[in-house]
Amino acid sequence: MADQSELDAKILDDVADALIYSDRSGTIMRWNRASTTLFGFSADEALGQNLDLIIPEHLRAAHWKGFEAALATGAMKLAGKPTLTRALHKSGRKLYIEMTFALVRDAGGAVAMARDVTERVERERAAKAAQTS
């Protein structure tokens, strides 16, 4: 039987959603296989990089304002609530993703789980556009 840390690592790597952990400075410290599938960056490419790697430029100021506030207060407005946002794929393509966030208090960082909802959002927008035309 694997020890607990090996089991934890296997679980995190095998979940279907992207899991990203960053330290207080916004440096990516954990990047699972689903993150590679979603964003296109391998773990080797993402680990040690800043979260700006996957945040579209027009959203960075708002992201960092919320990130800093959450770390300073120990509370997140969006904690546990799925949030629709945009992200960058390695190819430069913008994705619609649904994310949930949590602070990791003892380690002093933040974790996010993400899934690609681009097809769903585009389908909903096309249906809405068809209704209004």
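So, here's what we can say about the structure. (Residues numbered from 1 in each chain as written. Predicted model: local features only at pLDDT ≥ 70, side-chain atom pairs only at ≥ 80, totals over all residues. Heavy atoms only, no water.)

### Re the nonpolar core
No. 1: Ranked by size, the top nonpolar core spans 23 residues in total, and within it Ile20, Trp31, Leu38, Phe39, Leu51, Ile97 and Ala114 carry the most contacts.
No. 2: Put simply, the parts of the chain that give this core at least two residues each are strand E1 (18–22), strand E2 (28–31), helix H2 (33–39), helix H4 (57–73), strand E4 (94–104) and strand E5 (109–116).
No. 3: Excluding residues within four positions of it along the chain, Phe39 makes contact with Ala18, Ile20, Trp31, Ile54, Ala87, Leu88, His89, Lys90, Leu95, Ile97 and Ala114. (Core = buried A, V, L, I, M, F, W, Y, C linked by side-chain atoms within 4.5 Å. Buried < 20%, exposed > 50% of the residue type's maximum accessible area, 1.4 Å probe, protein only. Helix = DSSP H or I, 4+ residues; strand = E, 2+ residues; numbered from the N terminus. Contact = heavy atoms within 4.5 Å.)

### Focus: the packing of aromatic side chains
No. 1: In total, this model carries two aromatic pairs according to the counting rule given.
No. 2: Centre to centre, the rings of Trp31 and Phe39 are 5.6 Å apart; their planes meet at 40°, and the pair counts as tilted. For the pair formed by Trp31 and Phe39, the shared burial category is buried.
No. 3: A centroid spacing of 5.1 Å and a plane angle of 75° characterise the contact between Trp64 and Phe67, whose relative ring orientation is edge-to-face. With a gap of three residues between them, Trp64 and Phe67 both fall in helix H4, about one helical turn apart. You'll find Trp64 and Phe67 in the same group, each marked buried.
No. 4: We note Arg86 situated over the ring of Tyr96; from NZ or CZ to the ring centre the distance is 3.8 Å. (Phe/Tyr/Trp six-rings, centres within 6.5 Å; stacked < 30°, edge-to-face > 60°. Lys NZ or Arg CZ within 6 Å of the ring centre and 35° of its normal.)

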